[in-house]
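The chain contents come next:
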Amino acid sequence: KEYKNLIDVFQGGYTHANYIYADRVIENVQSKDISSSYPYAMVVEKYPMTPFIKCKYNEKYENDRYSYIIHFTCKNVRSKLYNSFLSKSKCIIANGCKLDNGRIIGCKELEVKLTNIDFDLFKRCYNYDDFIVFDFRISMNDFLSPVFVNYVLELYGRKTKLKDLEGFEATYMKSKQYVNSLYGMCVTKDITDEITYSDGEWSTNFLNDDIFKDRTEHIKKNKRKVFTAFQFGVWVTAYARRNLWNAIIAIDEDVVYCDTDSVKYINNHDDYFTNYNKQVEEKEKKIAKRLKVNEEVFNPVDKYGKSHRLGIFDDEGIYKQFKTLGAKKYIYVKQKGKKTEMKMTVSGVRKSAVSQLKSIDDFTNDFEFDIEHANKLISHYNDNQSNCIWNYGKYDEYKSTYRYGISMQPTTYKLGITLDYYALMLENMRGVTKVFNE
């Protein structure tokens, strides 16, 4: 039950466009990026270290001594912000919803499980009525192992110092991959359904008490190899979301686009980001004292002599023009000296496909990237494949009688906006009329 609860409350990064700016060109958009967001969370935050014990919900657990999982229901949920926090797909029940590309703007009835970090964000982002707690479980908090934390810092320092350093490309890549995989290992679901193959047939044994007992017994026998736990990864992403959402809440209406550890916005909000970065520095000083290490390990220097403090909002510059059609679909124009360059991010399409666009205005609903530019493959599944001969006439000629296959073929990619999202944009552009509602 505890393991299933952890899977239920696990959420990934927040990637979303603010619908009030979608499908139009926005001028002078600034971009800030959290430096190594997940490693920062692993280094400075506390994590649940004991089994989750069921008890009565009480606000006295709202401090860093505890983590908790709360399962609750409420009614008449209304967002306080332009940006919507909670994803409908993570809810047990969400009836009568008004959605912003899958995120809940409002709903009549809600049932959901959240970590204490996400529950705090939920309360800050929504108004609601008739709040009832079904289940509440707490765990005692502590910092991650000093050995683990020091290794995160070592890899972050190595990655920073070796970036762009000639002759150390392989070591740089290894450090970057290792520091990312330390988080990845925390959220690896190594206790899952059992997939078996016997006598030419595949079958699935869904996770049950016996399989769970088998897997956990195997892990217990190899305790020396275990240095992380699934709940650590669940709270890493929760802390990272909170760091991003603190910024979103602070500058809500001016947020244009977000992606896991970055926020793109308009107007001047330097005060917020300066204060946030000072808080990060103070937090890291306390951790350095606890670990008995030099504070410089949190602020390594690259080959150019520039320092890169872990966890702060780095300035990624200003986009002369920016346009988004939703999550993982945006384009921007940046000034580079006297010239401008146009870059694009579209999930599943290579970045160089931007060369098919003549201007930022071409990036719009129903625009189709051709086969040559999209460089995208589509899979066709075949479960009655004809016999064929591979490498005919060569030394390794092979006759295949296998019936199942996948054909990967080049395809185009069309930019699209769903009707629901388009209606939301129209609602923002004009007053809601009787005709529009109909």
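To be clear, the structure that these remarks concern was listed above.
Conventions and cut-offs
Residues numbered from 1 in each chain as written. Predicted model: local features only at pLDDT ≥ 70, side-chain atom pairs only at ≥ 80, totals over all residues. Heavy atoms only, no water. Patch = residues over 30% accessible without salt bridge, like charges linked within 9 Å, V, L, I, M, F, W, Y side chains within 5 Å. Areas by Shrake-Rupley, 256 points an atom, 1.4 Å probe, with all protein chains shown as cover. Salt bridge = Lys/Arg side-chain N within 4 Å of Asp/Glu carboxyl O. Lys, Arg positive; Asp, Glu negative; His and termini not counted. Charge placed at Lys NZ, Arg CZ, Asp CG, Glu CD. Helix = DSSP H or I, 4+ residues; strand = E, 2+ residues; numbered from the N terminus. Contact = heavy atoms within 4.5 Å. Core = buried A, V, L, I, M, F, W, Y, C linked by side-chain atoms within 4.5 Å. Buried < 20%, exposed > 50% of the residue type's maximum accessible area, 1.4 Å probe, protein only. Axes fitted to C-alpha atoms, helices over the stretch in contact; angles between N-to-C directions. Parallel < 35°, antiparallel > 145°, perpendicular 65-115°, else oblique. Left-handed = near helix turned anticlockwise from the far one by under 90°. Nonpolar A, V, L, I, M, F, W, Y, C, P; charged D, E, K, R; others polar. Phe/Tyr/Trp six-rings, centres within 6.5 Å; stacked < 30°, edge-to-face > 60°. Disulfide = S-S within 2.5 Å.

Caption draft 1: Structural context of a negative patch on the surface. A surface patch of like charges, here negative, comprises D209, D210, D214 and E217. Relative to the helices and strands, D210 is located in helix 6 (residues 209–221).

Caption draft 2: Main features of the environment of L377. Here L377 shows up in strand 18 (residues 376–382). Distance from L377 to L81, taken between C-alpha atoms, is 39 Å for residues 296 residues apart in sequence. When sequence neighbours within four positions are dropped, the list of residues in contact with L377 reads M408, Q409, P410 and T411.

Caption draft 3: Seen up close, the nonpolar core. Counting residues in each nonpolar core, the largest one holds 80 residues, and the members touching the most others are M42, V43, Y47, L86, L110, F122 and W235. Of the residues forming this core, the biggest block, twelve residues, is contributed by helix 7 (residues 230–250). Beyond its immediate stretch of four places on either side in the chain, M42 contacts Y47, L144, F148, V149, V152, V179, L182, Y183 and V236. Judged by nonpolar contacts, the second largest core, of 35 residues, contains V29, V256, Y330 and Y332.

Caption draft 4: Inspection of the packing of helix 2 (residues 37–44) against helix 8 (residues 270–291) at higher detail. Closest axis-to-axis distance for the helix 2/helix 8 pair is 10 Å, and the angle between their directions is 45 degrees. By the angle between their axes, helix 2 is oblique relative to helix 8. Note on packing geometry: the crossing formed by helix 2 with helix 8 is left-handed. Residues Y40, V43 and V44 of helix 2 pack against Y276, V280, K283, E284 and I287 of helix 8. Residues belonging to the contact of helix 2 with helix 8 are distributed by class as follows: six nonpolar, no polar and two charged.

Caption draft 5: Focus on the packing of aromatic side chains. Taken as a whole and assessed by the stated rule, the structure comprises 37 aromatic pairs. Pairing Y197 with W202 gives two aromatic rings, centres 4.7 Å apart and planes at 50 degrees, and the pair type is tilted. Judged by centre distance (4.2 Å) and plane angle (25 degrees), the rings of Y319 and Y332 are stacked. Of this pair, Y319 sits in strand 14 (residues 313–326) while Y332 sits in strand 15 (residues 329–336); the two residues are 13 residues apart in sequence, bridging distant segments of the chain. Residue Y319 shares its accessibility class with Y332, and that shared class is buried. Through a chain of ring-to-ring contacts, three or more aromatic side chains come together here, namely Y57, Y61, Y66, Y68, F72, F119, F122, Y126, Y128, F131 and F136.

Caption draft 6: Examining the state of the cysteines more closely. Counted by the stated rule, this structure contains zero disulfides. Of all cysteine sulfurs, the one in C97 lies closest to C107, which takes part in no disulfide; the gap is 4.5 Å. Accessibility expressed as a relative area gives 4% for C107, which makes it buried.

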